[in-house]
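Geometric and topological summary
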Amino acid sequence: MSDAPTDPAADPADRPLVVLAIGDIVGSAGRKALNRVLPVLKADHQPDLVIVNGENAAGGIGINARSVDEITRAGADVITLGNHAYRQYDVHKLLDDREELLRPANHLASQPGHGYCIVERGGQRIGVVNLQGNVFLETGRHAFSEIDAVLAKIRKQVDHIVVDFHAEATSEKIAMGWHLDGRVSAMVGTHTHVPTADLRVLPGGTAYITDLGMTGSRDGVIGMEREPSLRKFVTHMHSRYEPAEKDPWLMGVKITLSRTERLRALSIEQLLIKA
Ligand SMILES: [Fe+2]
Ligand SMILES: [Fe+2]
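As the structure is a prediction and not an experimental result, all values here were calculated from the model.

Along the protein chain, the regular secondary structure elements total six helices and 13 strands. Each principal axis of the C-alpha distribution contributes one length, and for the protein chain these read about 55 × 40 × 35 Å. Nonlocal contacts in the protein chain, meaning residues at least 24 apart in sequence, comprise 66% of its contacts between residues at least 6 apart.

Take the environment of Lys232 next. Among the secondary structure elements, Lys232 is positioned in helix H6 (residues 226–235). Using a count of 15 C-beta atoms within 10 Å as the deciding quantity, one classes Lys232 as partly exposed. As a C-alpha pair, Lys232 and Val18 span 214 residues in sequence and 42 Å in three-dimensional space. When near neighbours in sequence (up to four residues on either side) are disregarded, Lys232 contacts Met237, His238 and Ser239.

As a further point, take the sheet that holds strand S9 (residues 200–201). As summarised here, the arrangement of the six strands in space is S5-S6-S7-S8-S10-S9, forming an open sheet in which the pairing is mixed. Sheet topology places strand S5 (116–121) and S9 at the edges, where each strand pairs with a single neighbour. When S9 meets strand S10 (residues 207–209), the two strands line up antiparallel, connected through two bridges. Considered in S10, the bridge of Arg200 is made with Tyr208. Along the sheet face, helix H5 (residues 170–180) touches strand S7 (160–166), strand S8 (186–190) and S10 and points at about 165° away from the line of S8.

Turning our eyes to something else, we now look at the environment of Ala43. Looking at the element boundaries, Ala43 is found in helix H1 (residues 27–45). Spatially, the C-alpha atoms of Ala43 and His107 are 36 Å apart, while their sequence positions differ by 64 residues.

Let's shift gears to the pairing of S8. Two faces make up the sheet, and in a regular strand the side chains alternate between them. Buried residues dominate S8, accounting for five of its five residues. Burial along S8 is two-sided: Ala186, Val188 and Thr190 and Met187 and Gly189, pointing in opposite directions, are all buried. Two elements, S7 and S8, share five bridges in a ladder whose sense is parallel. For Phe165, the partnering residue across the bridge sits in S8 and is Gly189. The parallel pair S7 and S8 is bridged by H5, and the resulting crossover is right-handed. Looking at chain direction, S8 and S10 are connected through three bridges and run parallel. Paired with Val188 across the bridge in S10 is Ile209.

Per-chain confidence: the protein chain averages 95 in pLDDT, with 96% of residues scoring 70 or above. Here residues 1–5 is a poorly scored stretch, pLDDT under 50, and it has nine contacts once near neighbours within four places are set aside; other chains count.

Rules and cut-offs
Residues numbered from 1 in each chain as written. Chains lettered and ligands numbered in written order. Predicted model: local features only at pLDDT ≥ 70, side-chain atom pairs only at ≥ 80, totals over all residues. Helix = DSSP H or I, 4+ residues; strand = E, 2+ residues; numbered from the N terminus. Contact = placed C-beta atoms within 7 Å. Buried ≥ 20, exposed ≤ 12 C-beta atoms within 10 Å, placed from the backbone. Pairing = 2+ DSSP bridges. Axes fitted to C-alpha atoms, helices over the stretch in contact; angles between N-to-C directions. Right-handed = clockwise from strand over helix to strand, strands pointing away. pLDDT = per-residue confidence, 0-100.

This is how it looks when you write it as structure tokens:
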């Protein structure tokens with residue numbers, strides 16, 4: 001597997017496609033970190049596609065219409081979500097209306113929105129699929145059979161497919177990575193807010209990471225203020241959570257995809273950037 005050159009000065013037709021995938025935006029610290037860091041990443045890496053998980057963008061839970069706009073203006077092309085997709089009511093209509101705002105494909109059909117989109121970049125068609133795990137999460141339908149159904153639908157229409165698998169259990173995500181190896185270009189995990197160090201291109205050519213981590217404050221507990229979380233663990237009493245603010249980071253990966261071979265990743269590289 002060769003390392004892919006990504007010299008921005010190279011002829012765009014010769015360079016691999018560059019995809020940035022960015023972990024869950026948590027609250028205003030996450031939105032600010034994205035606003036600050038993404039323009040720099042875009043200048044440095046000239047990505048063809050930027051995928052951002054926005055499921056904690058509004059006050060730490062869910063996403064609202066304002067944060068959809070803010071994340072889009074910051075430079076996201078596709079926004080994926082997860083188990084908090086519907087927490088903010090004003091986003092329900094947008095989930096139906098905005099092609100490139102996704103909620104997990106295996107939620108109930110009766111829930112608003114859709115689970116994949118296809119975007120065209122530099123003459124290549126890239127399918128982006130959002131999927132949610134079944135272990136420890138309330139998920140309407142089975143992730144493994146749903147992704148098989150989505151792939152059967154879009155396989156012939158695309159050159160590349162990137163899956164955001166929003167799931168709790170590392171085992172379920174690793175199993176999904178093997179399930180998808182060679183059938184999609186990349187699978188990135190989200191939801192735990194903790195970045196994993198297991199990124200690699202699997203033998204079948206699928207770029208993989210168990211979890212991207214989050215874009216938000218490292219001062220608290222997975223992006224939320226430290227004190228209420230500690231209080232809850234120590235006292236077993238309910239606490240009201242607010243997003244933490246200090247020490248914001250952007251976490252994600254840069255993936256390069258072959259321009260000549262369908263569904264083939266060339267490299268995956270971790271981005272852990274103090275905002
Ligand atoms: Fe999250
Ligand atoms: Fe989540």
